[in-house]
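Chain residues, written in single-letter form:
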Amino acid sequence: MKNFWRAIAEMELEDMEVDENAPHRYVRTAEDVKAIVKHAKMDERQLTQLTQALYYPGAEVVSDNLRLLELDEHMLQQIRTGQTLHFKGGLHEKVVLCTDERTYDVKGAEISNSLLLVPELKFAAATSTSPLKSPRTGNANTSLERSLNDSADDDLEVPRTLEQKQVLTIFHEYFECREIRPRYRKLGELLQLTRYSGPENEYCIERKLLFSFQQLLDTVQCSRAQFVEGLNQYRALEFDGHIRILDYEYEYRIINLMLGVISENSWALDEVEREETIYALQGIAPEPIVAGLFDVYTKPSDRCPNKFRYQESLVARIVAQNILQPGLRFRSEEFMCTWQDALPEGMTCKLEYLRGLGILDREGAQPCVRSLAEEQLPSNINDRMRALFKTKRKWTMDEMEPYIDCFTTPTLSVSTLLAKHARSLTEGGIRYFVSKH
Amino acid sequence: MPIIIKTSSAGAGEWAIIELQGDLEVRSNQSMHDQFIGDLYYNKYGQPILIIGHHILQGREQKLDKPFAVLEKSKTNEGQQLLNITNATLEASALNATAGAERTLLDDTVALEHKSRQRTEYTVRAICTKKLIFKSRPKPIIANVAKTV
């Protein structure tokens, strides 16, 4: 097909090479159009009144500055309402595109077709004074209809008009976007370096490694809304103008003290007072830390206005994390007992709270709970799969889900990922996944 | 160092795309700037007809499933780096967390340095929601064949 165009363009050149040297610019005239319509044996009455003559882009257009970006419904709507979008990515990261709410992977797509971008080009409906005819539907009355129309057209002969339209640029590439999950890993890695463990340990912290909300938002590959959500997931809080996460032990200690305030005041679990809690911890921990933790760990109480309740899942997790140190394993019953005893009265530990922290291993003679922190596993899916199967030979899908979830996209589910990276087998009616190799 | 894509609800007009199969080429390396390409007509049924040189093409108007935004880069060409990086697959695969952290941190500091030099931004110039597609083979225009053989 390419050769066709070469042939055409050549022919066209011959036509135009009237004056070789002069910087002559040929401009289409109404006579030329009339002539070519006749030449092509087109019935002028069957055409709308407007002819648009197309020209190559001018020399002043820097085509490299123009890009075509494919949009989905959400992006289109964001642009239509005047929202700002962002490209984000460090030097060694694949660039992502973010709206205020969503994150997209951006990929260049090359095409063999040519896309001519023409500003102000009129589509058919805009070139006709009368409504366009619908394409022939019923064959039976077509001829009749057409002859009627033809005679009508004869009566009102509208003169042909000519408009000159310049192509702005010709594209052979466009950028396509695919919605992806926010990439939080960098956020975790950056915060990890400066865990807060009390004012007395601050001298150990490299000040250069402290980042503000805006600095982190600028570098983490996710949208603003997802970023806020991510900070919440990492239980990050703002201290002294910087976003910080806490050292686990320190966090556990403070949370424990804060929970102690409940029994001291004989509050019900959903009667927790914010001011009172912060006041009780004065002198023990800096106020912004206590207030920040309080806001991360509690939700407004349903029953009592202006009072709060701690989220069981978060409390249970920090307690479990304190027991289940990296590398440790416990007999399952023992672990559950210890865990339950460490929780405030009225809260119950559930295995699901261990999501991404540890796993229940039923393979040995006695089921045991062992530590396996999601955030410490490799960020590359192949390496991670290898690490997972090294820890435990066979997994059910539910067991693997917390560790694979971060690789999923709206079109790539956990089961698709497992189908690709693992082998499945059924034992005793239960489907397991094992290493591919 | 996010690169901003500015949009203005009022400013973004509707532009058209004409899709041709293959490429418009010329044999000589002559510059084609501002040169005439061809005429575009519509028949009464709304079908686009394109005449280029001695060839006639019949196409159709098509709504784009996924519309295009036309982005224009303003200031410096350094920002191009970012889009080109999409091709280079440099997912920092951190085997252990600390090494990974150092690397991202390094990227970040470099990125922060770049920030001062690079003020690239994109503006949405227009949205394209429809195109004219010409995918049938061009037919030659045969002129003035003698009527009597």
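Residues numbered from 1 in each chain as written. Chains lettered and ligands numbered in written order. Predicted model: local features only at pLDDT ≥ 70, side-chain atom pairs only at ≥ 80, totals over all residues. Heavy atoms only, no water.

Draft legend 1. Spotlight on the overall build of chain A. When helices and strands are counted, chain A shows 15 helices and 16 strands. Buried positions account for 46% of the 437 residues belonging to chain A. In chain A, the share of contacts with a sequence separation of at least 24, taken over all contacts with a separation of at least 6, comes to 67%. Here chain A displays about 22400 Å² of accessible surface, and carbon together with sulfur accounts for 49% of that area. (Helix = DSSP H or I, 4+ residues; strand = E, 2+ residues; numbered from the N terminus. Buried < 20%, exposed > 50% of the residue type's maximum accessible area, 1.4 Å probe, protein only. Contact = heavy atoms within 4.5 Å. Areas by Shrake-Rupley, 256 points an atom, 1.4 Å probe, with all protein chains shown as cover.)

Draft legend 2. Quick peek at the overall build of chain B. Of regular secondary structure, chain B possesses two helices and nine strands. Helices and strands appear in chain B in the N-to-C order β-β-β-β-β-β-β-α-α-β-β. Looking at chain B residue by residue over its 149 residues, the buried ones come to 50%. Within chain B, counting contacts between residues at least 6 apart in sequence, those at least 24 apart form 79% of the total.

Draft legend 3. Quick peek at the domain arrangement of chain A. Residue and element names in this part refer to chain A. Each assigned domain of chain A is listed with its residue range as follows: domain 1 (37-120 + 161-180), domain 2 (184-312), domain 3 (314-376) and domain 4 (391-436). Counting from both sides, the interface comprises 13 residues of domain 1 and, opposite them, eleven residues of domain 2. A combined buried area of about 810 Å² lies between domain 1 and domain 2, and 35% of that area is made up of carbon and sulfur atoms. Of all residues in domain 1, Lys 88, Glu 93 and Asp 100 bury the most surface against domain 2, accounting for 58% of the area lost on that side. One can count two salt bridges joining domain 1 with domain 2. The salt bridge partner of Arg 224 is Asp 100, with a shortest N-O separation of 3.0 Å. Where domain 1 touches domain 2, the interface holds 13 residue pairs in polar contact (both at pLDDT 80 or more). A class-by-class count of the residues in the side of domain 1 that touches domain 2 yields three nonpolar, four polar and six charged. (Domains from an automatic or database assignment. Buried area = accessible area lost by both parts, 1.4 Å probe. Salt bridge = Lys/Arg side-chain N within 4 Å of Asp/Glu carboxyl O. Polar contact = N/O pair within 3.5 Å; in protein donor to acceptor, adjacent residues only side chain to side chain. Nonpolar A, V, L, I, M, F, W, Y, C, P; charged D, E, K, R; others polar.)

Draft legend 4. Region of the structure containing the pairing of strand 3 (residues 85-88) of chain A. Sheet topology note: the strand 3 of chain A/strand 1 (residues 3-6) of chain B ladder contains three bridges and is antiparallel. The partner of His86(A) across the bridge, within strand 1 of chain B, is Ile4(B). Direction of pairing for strand 3 of chain A relative to strand 4 (residues 96-98) of chain A: antiparallel, over a ladder of three bridges. Along strand 4 of chain A, the bridge assignment pairs Lys88(A) with Val96(A). (Pairing = 2+ DSSP bridges.)

Draft legend 5. Here's a closer look at the pattern of salt bridges. One pass over the structure, following the stated rule, counts 34 salt bridges over all chains. One salt-bridge network, held together by shared partners, links Arg181(A), Arg355(A), Glu401(A) and Asp405(A).

Draft legend 6. Structural view of the environment of Cys337(A). Residues and elements named next belong to chain A. Tracing the chain through its elements places Cys 337 in helix 12 (residues 332-342). Overall, the relative accessible area of 49% leaves Cys 337 in the partly exposed class. A sequence separation of twelve residues divides Cys 337 from Cys 349, and the C-alpha atoms of the two residues are 9.2 Å apart.

Draft legend 7. Inspection of the packing of helix 8 (residues 248-264) of chain A against helix 10 (residues 287-297) of chain A at higher detail. Residue and element names in this part refer to chain A. Running from N to C, helix 8 and helix 10 point in directions that differ by 80°, and their axes come no closer than 11 Å. For the element pair helix 8 / helix 10, the angle class is roughly perpendicular. Contacts between helix 8 and helix 10 involve Tyr 250, Glu 251, Ile 254, Ile 255 and Met 258 from the former and Ile 289, Val 290, Leu 293, Phe 294 and Tyr 297 from the latter. A class-by-class count of the residues in the contact of helix 8 with helix 10 yields nine nonpolar, no polar and one charged. (Axes fitted to C-alpha atoms, helices over the stretch in contact; angles between N-to-C directions. Parallel < 35°, antiparallel > 145°, perpendicular 65-115°, else oblique.)

Draft legend 8. A look at the environment of Ile262(A). All names here are of chain A. Mapped onto the elements, Ile 262 comes out in helix 8. When the C-alpha positions of Ile 262 and Val 272 are compared, they lie 6.7 Å apart, and in sequence the two are ten residues distant. Contacts of Ile 262, omitting those with residues within four sequence positions, involve Trp 267, Ala 268, Leu 269, Val 272 and Tyr 310.

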